[in-house]
Each structure stands twice: as C-alpha cells, then as structure tokens.
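Structural characterization, general
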Amino acid sequence: MVETQKISVQRVGKSKISEVDFNDLPFGKIFADHMFLADYKEGEWKNLRVLPYGYLPMSPASPTIHYGQSIFEGLKAFPWSGSEVHVFRPLANVGRMNKSAERMCMPEVPEEVFMEGIHVLLELDRKWIPTVEGGSLYIRPFLFSADEFIGIRPSQNFTFMIINCPVGPYYATPVKVKIETHFSRAIEGGTGSAKAGGNYGGAIYPSKLALEQGYHQLIWTDGKTHQYVEESGTMNVMFMIDDTLVTPALSDTILHGITRDSVLTLARYWGMKVEERRLSVEELVTALKAGRVKEAFGVGTAVTIAHIELIGHEGQDYDLPPIGTREFANKVLRELEAIKRGLKPDPFGWMVKA
C-alpha cells in the first residue's frame, strides 16, 4: 500500500553543476543535486520526499551493513530534441526490482512510487542530463533495510531511494576477458538472478586477480562444474558463432538483463538466427580455435555493448576479429542508441517520456 500524499521537495541551496566538466564524466563519481526517498513502515509506503543529495544517518546495527539486505537497479535517461527527456524501459526495471525484492524478503516498490520518484528528480535536475555525444543520466534506484537489529530475520522497515549520475561511456576501449574456472559469481538456488548488492561484492576479488593478469574482466562459468558460460563481468554475454547469435539461457544464476532482452528482440526483429541455450566452455574454445567466433560482447545498462577483443582460457589467449568488421554488434549498438535518443522510431514502446 501507498499512503496517499504528495512528494515533499526540499531544493538544494546552491547547485554543484557549475563544477562539472560534462566533457569529462567518469562513470559513477558525479551526482546530481537531489535524491528521492520513501519509507516503508507498518506495511505502508510513506514520507515520499526529495532532499538535496547528501549523506544519510544510519544505525550501526543496520542489517544493510551486517547482512547485505539491499538490492538495486540501473537505468538511463536521454535528452531528445525540443528539451524532452525519455527513459529507457523503466517499467522493466521496476518489475525486475520487485523480483529481486521477493528473493531478498523485501517489500515490493509500487510502480507509482518508482516512476514518480524518477519523474520528480528529472524535473528538478534536468540540466544534469548530458547533451554531449555518448552522454546520459544514469539512474540508480535502490532499496535497503532500515531496521535497527542485530540478527537474521526479514526486516520490517525499509528505505527506497533514487540518485542520479551524469555519465559518459563506461568502457573507452574494447575489453579483454578471461574464462573463470575457479571462483563463482552464483550457484543454483542462490541469488544470482537478483540484483542484490552482495552478488557484486563477492565478485571483486576474482576480478582483481584477472586485472592483475592483464584482463579487464571475467567470463563467469557455472558454479557447479565451471563447464558452462554464464555472464561476463557485471554483464550478460553474447557470441556470434558463424551466423548465429548465441547467449546463455536465463536461469536463477543469470541476471535477466533488460539490455540483453532488447538486443535479442532486435535480432529476432531483423530475422537473425538466435539461440538462447547452454554454451559450454569446450564449445566456445573449439569455436575460437577454428575462427568461428565472429563477435563477442557484453550487454548491460552501463555499457549497452562492450566489445570483447580477446578471450583467455588456461593460459592461452584468443584474439577476435577487429571491432570495425563486426556487423551485428555495431549495428545493434547504433540502433539502440538511435531509439534511446529519439533519432529512430521505437516500434517496441521502450521509451517513456519523463
């Protein structure tokens, strides 16, 4: 339930926007002036409010700190001509957030709270939406326990928040990845398909080891046998093998990516061969050795498309074809960017006016 009330707004005294160089936007380090908050107490969402962006008071006994009771989402807003702003597939994000909430014993965030929070922030901080090439406003909704309790149980009180970051490209260059056959991102029956904070914290150490070995990221494999490809870094992963787009089938160990779904939708719309199935490491490496892997790329909100230029496995590196020769990944990136920025028709109803 949502307590019937208006969103209270406390505007920032002085904007920080004059301090920002919009031609140099490191991802996730610069934040817009305002933040949205809502409280879940006694079974109701209430106290919807906007405050100046700033630090939060939090009990040192918070289950968020001790037990990782937090989930999040990520989506983007884009400038259109005529001063309009549109958000890419926000309803898909609220749906996925509520599936994560169910898995983590948290209350659902009502669609109207999620969408109104985004709307009021974009109204207040519209000038923070970059108009430079490749720029967008990254929107980060998140939900966490607001209890004050040391002990394992479902929390009773929660805070939902939204903050915004003006961003440029996530990866400036194509990435080198290593197939991980020891550490695991997720296991069957776990929280791999939820956007839970702990999933990402646990991936930092093996990712750090890969970086020390000269790779940017990992290709994660299944936690039981390490014989099947699952994700790449924090992204879903796809391969063009011969003339077929292949990506691991969804499961409870793989995030149900919104960009993943968008890429597959476009591929099928264009009449391409698409396979969502188990892809073994052995099959992938065999195809790499034979030169049958024409393209490999990660897909996700932060990057849209992250070209993979090299895949490492058991001490052997396999180079992939030059980025400029990759027909599908480059085409789908151009198409998605054009749809997001209102430069091409949106036949799927993905864009939502803010």
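Everything discussed here concerns the structure shown above.
Model, not experiment: these values are computed from the prediction.

About the criteria used
- Residues numbered from 1 in each chain as written.
- Predicted model: local features only at pLDDT ≥ 70, side-chain atom pairs only at ≥ 80, totals over all residues.
- Heavy atoms only, no water.
- Helix = DSSP H or I, 4+ residues; strand = E, 2+ residues; numbered from the N terminus.
- Buried < 20%, exposed > 50% of the residue type's maximum accessible area, 1.4 Å probe, protein only.
- Contact = heavy atoms within 4.5 Å.
- Areas by Shrake-Rupley, 256 points an atom, 1.4 Å probe, with all protein chains shown as cover.
- Lys, Arg positive; Asp, Glu negative; His and termini not counted.
- Charge placed at Lys NZ, Arg CZ, Asp CG, Glu CD.
- Axes fitted to C-alpha atoms, helices over the stretch in contact; angles between N-to-C directions.
- Parallel < 35°, antiparallel > 145°, perpendicular 65-115°, else oblique.
- Left-handed = near helix turned anticlockwise from the far one by under 90°.
- Arc of directions from axis to C-beta.
- Core = buried A, V, L, I, M, F, W, Y, C linked by side-chain atoms within 4.5 Å.
- Phe/Tyr/Trp six-rings, centres within 6.5 Å; stacked < 30°, edge-to-face > 60°.
- Lys NZ or Arg CZ within 6 Å of the ring centre and 35° of its normal.
- Polar contact = N/O pair within 3.5 Å; in protein donor to acceptor, adjacent residues only side chain to side chain.

Brief notes about the overall build of the chain
- Of regular secondary structure, the chain possesses eight helices and 18 strands.
- Along the longest, intermediate and shortest principal axes, the C-alpha atoms of the chain span 60 × 50 × 35 Å.
- Every one of the 354 residues in the chain was classed for burial, and the buried ones make up 51%.
- For the chain, contacts bridging at least 24 residues in sequence account for 70% of all contacts bridging at least 6.
- Accessible surface, the chain as shown: approximately 16,700 Å² in total, 52% of it carbon and sulfur.
- Where the 38 positive side-chain charges of the chain centre and where its 43 negative ones centre are 2 Å apart.

Considering the packing of helix H2 (residues 90-103) against helix H3 (residues 111-124)
- It is the contact of H2 with H3, at a shortest axis distance of 10 Å, that shows an interaxial angle of 130 degrees. Taken as axis vectors, H2 and H3 run oblique relative to one another. For the pair H2 and H3, the crossing hand works out as right-handed. Each of Pro90, Leu91, Asn93, Val94 and Met97 in H2 lies in contact with H3, whose residues at this interface are Glu111, Phe114 and Met115.

Concerning unusual backbone geometry
- Even without being glycine, His226 reaches a positive phi, approximately 55 degrees.
- Counting through the fold element by element, His226 comes out in the loop between strand S10 (217-221) and strand S11 (229-232).
- Among the residues examined, His226 registers a relative accessible area of 15% and is labelled buried.

Concerning helix H5 (residues 204-212)
- Every buried residue belonging to H5 is among Pro206, Ser207 and Ala210, and all of these are buried. On an axial view of H5, the arc spanned by its buried residues comes to 100 degrees, and they lie on one face. For H5, exposure combined with an orientation more than 90 degrees from the buried face picks out Ile204, Leu211 and Glu212.
- Where H5 is buried, its residues meet S10.
- Positive backbone phi, approximately 100 degrees, marks Gly214, located one or two places after H5.

Examining the nonpolar core
- Counting 39 residues, the largest nonpolar core has Phe36, Leu122, Leu143 and Phe160 as the members making the most contacts within it.
- When contributions to this core are tallied by element, the ones reaching two or more residues are strand S2 (34-41), strand S3 (44-52), strand S5 (75-79), strand S6 (85-88), H2, H3, strand S7 (136-145) and strand S8 (158-167).
- For this core, the element with the most residues is H3, which contributes seven residues.
- Not counting the four nearest positions on each side in its chain, Leu143 is found in contact with Trp45, Gln69, Ser70, Ile71, Met97, Met106, Pro107, Val109, Phe158, Thr159 and Phe160.
- In this structure, Phe239, Val246, Val281 and Leu320 belong to the second largest nonpolar core, which totals 21 residues.

Points about the packing of helix H6 (residues 258-269) against helix H8 (residues 327-340)
- Closest axis-to-axis distance for the H6/H8 pair is 11 Å, and the angle between their directions is 105 degrees. Of the possible angle classes, the one that applies to H6 and H8 is roughly perpendicular. Note on element contacts: H8 touches H6 through Phe328, Val332, Glu335 and Leu336, opposite Ser262, Val263, Leu266 and Ala267.

Overview of the packing of aromatic side chains
- Taken as a whole, this structure holds 17 aromatic pairs when the rule is applied.
- Feature note: the residues Phe36, Tyr40, Trp45, Phe114, Phe158 and Phe160 constitute an aromatic cluster, connected by ring pairs.
- Of note, Arg278 hangs over the ring of Tyr228, and the distance from its end group to the ring centre comes to 3.6 Å.

Observations concerning the environment of Trp80
- In this structure, Trp80 sits in the loop between S5 and S6.
- Its relative accessible area of 23% is what places Trp80 among the partly exposed residues.
- Distance from Trp80 to Tyr200, taken between C-alpha atoms, is 33 Å for residues 120 residues apart in sequence.
- Beyond its immediate sequence surroundings of up to four residues, Trp80 is in contact with His86, Ile339, Lys340, Arg341, Gly342 and Met351.
- Polar contacts involving the side chain of Trp80 include one to the main-chain carbonyl oxygen of Lys340, which spans 2.7 Å.

Observations regarding the side chain of Glu73
- Structurally, Glu73 can be placed in the loop between strand S4 (70-72) and S5.
- Of note is the side chain of Glu73, whose polar atom sits 2.7 Å from the side chain of Arg96.

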